[in-house]
Amino acid sequence: TQLLEQSPQFLSIQEGENLTVYCNSSSVFSSLQWYRQEPGEGPVLLVTVVTGGEVKKLKRLTFQFGDARKDSSLHITAAQPGDTGLYLCAGAYGSARQLTFGSGTQLTVLP
Amino acid sequence: KAGVTQTPRYLIKTRGQQVTLSCSPISGHRSVSWYQQTPGQGLQFLFEYFSETQRNKGNFPGRFSGRQFSNSRSEMNVSTLELGDSALYLCASSLGQDNSPLHFGNGTRLTVT
């Protein structure tokens, strides 16, 4: 069973601060996805990374895939209250279409 | 384009009963996956159906089963409910290819008393 560790579990910051969320595994991912989930709703896909070393940007969000494809990070610049939510990383191993999810990072951005 | 629809949104059942949850995927999506989300275990994969066939299965007991119909709609059934089955059950649809993005519904909140 592959394990996917996500940290930190909780993060409370002030508006305008930067933050980074980490996702690590002992196994190689074939791809990794980041989702954001708000209360009462299902997760919404933010990005998919496939290639080792890949960096993708989505406005103030920067996603990085480790060179060895065993880890990933999500960096948010100048966080805003609207960024509040549960951030989940999810990895696919091999050619599996089933995702293994991290435990999530509950982000709260205070105005 | 309509999103993934799950019904009902909320369910309360008693231990020992069974329950059926329904999921209507995005039009054109042939793959439907089911996940269980709990505070303690997070999101865990239950199974995936593609063109009416179960293609992948997670590590859940046989009390959890599913099926998919020819219109790609899917149902999930849990028999002999236990208190620990209380969770948010999420359905996600996709085109079904490797790395196809998942589109989640808003889930069914099941409470077992």
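The rules behind each value
Residues numbered from 1 in each chain as written. Chains lettered and ligands numbered in written order. Predicted model: local features only at pLDDT ≥ 70, side-chain atom pairs only at ≥ 80, totals over all residues. Heavy atoms only, no water. Helix = DSSP H or I, 4+ residues; strand = E, 2+ residues; numbered from the N terminus. Buried < 20%, exposed > 50% of the residue type's maximum accessible area, 1.4 Å probe, protein only. Areas by Shrake-Rupley, 256 points an atom, 1.4 Å probe, with all protein chains shown as cover. 1 Å grid on protein atoms, 1.4 Å probe; cavity = no way out; pocket = protein on both sides within 12 Å on 5 of 7 lines; lining within 4 Å. Points joined across faces, edges and corners; volume = space filled by probe spheres on them. Nonpolar A, V, L, I, M, F, W, Y, C, P; charged D, E, K, R; others polar. Pairing = 2+ DSSP bridges. Axes fitted to C-alpha atoms, helices over the stretch in contact; angles between N-to-C directions. Salt bridge = Lys/Arg side-chain N within 4 Å of Asp/Glu carboxyl O.

Within chain B, the secondary structure is distributed over 0 helices and 11 strands. Written out in order from the N terminus, the α and β elements of chain B read β-β-β-β-β-β-β-β-β-β-β. Dimensions of chain B along its principal axes, counting C-alpha atoms only, are 35 × 25 × 25 Å. Here chain B holds 113 residues, and the buried ones make up 50% of them. Summed over all atoms, the accessible surface of chain B reaches about 5,400 Å², with 46% contributed by carbon and sulfur.

Next up on the list: the layout of surface pockets. Think of a ball as big as a water molecule: rolled over the atoms, this probe shows where empty space is left. By volume, the largest pocket is sized at about 1,200 Å³. What lines the largest pocket is a set of 45 residues, and nearest its centre among them are Gly102 of chain A together with Gln41, Gly42, Leu43 and Gln44 of chain B. Every element with two or more residues in the lining of the largest pocket is listed here: β1 (4-7), β9 (85-92) and β10 (100-101) of chain A together with β4 (31-38) and β5 (42-50) of chain B. Per element, the largest residue contribution to the lining of the largest pocket is 4 residues, and it comes from β5 of chain B. Each residue belonging to the lining of the largest pocket can be placed in one class, and the counts come to 16 nonpolar, 24 polar and 5 charged.

All names here are of chain B. If you trace the 4 strands from one edge of the open sheet to the other, you get β1-β3-β8-β7, paired in antiparallel fashion. Both outer strands of the open sheet, β1 (5-7) and β7 (64-68), are each paired with one neighbouring strand and no more. When the angles between neighbouring strand axes are averaged without regard to direction, this sheet yields 20°. Both β1 and strand β3 (residues 19-24) contribute to a ladder of 3 bridges, which runs antiparallel. Paired with Thr5 across the strands is Ser24, a residue of β3.

So, on to the pattern of salt bridges. For the structure on display, the rule yields 8 salt bridges over all chains. The partner of Glu54 of chain A in a salt bridge is Lys56 of chain A, with the nearest N and O atoms 3.7 Å apart. Salt bridges linked by common partners bring Arg63, Glu82 and Asp85 of chain B together as one network.

Across a regular strand the side chains alternate sides, sitting on one face of the sheet and then on the other. Residue and element names in this part refer to chain B. Going residue by residue along strand β11 (residues 108-112), you find Thr108, Leu110 and Val112 tucked away on one face and Arg109 and Thr111 left uncovered on the opposite face. Sheet analysis places strand β2 (residues 10-13) next to β11, joined by 4 bridges and oriented parallel. Across the sheet, the residue bridging to Leu11 is Leu110, located in β11. As paired elements, strand β9 (residues 87-94) and β11 share 3 bridges and run antiparallel to each other. The residue of β11 that forms the bridge with Leu88 is Arg109.

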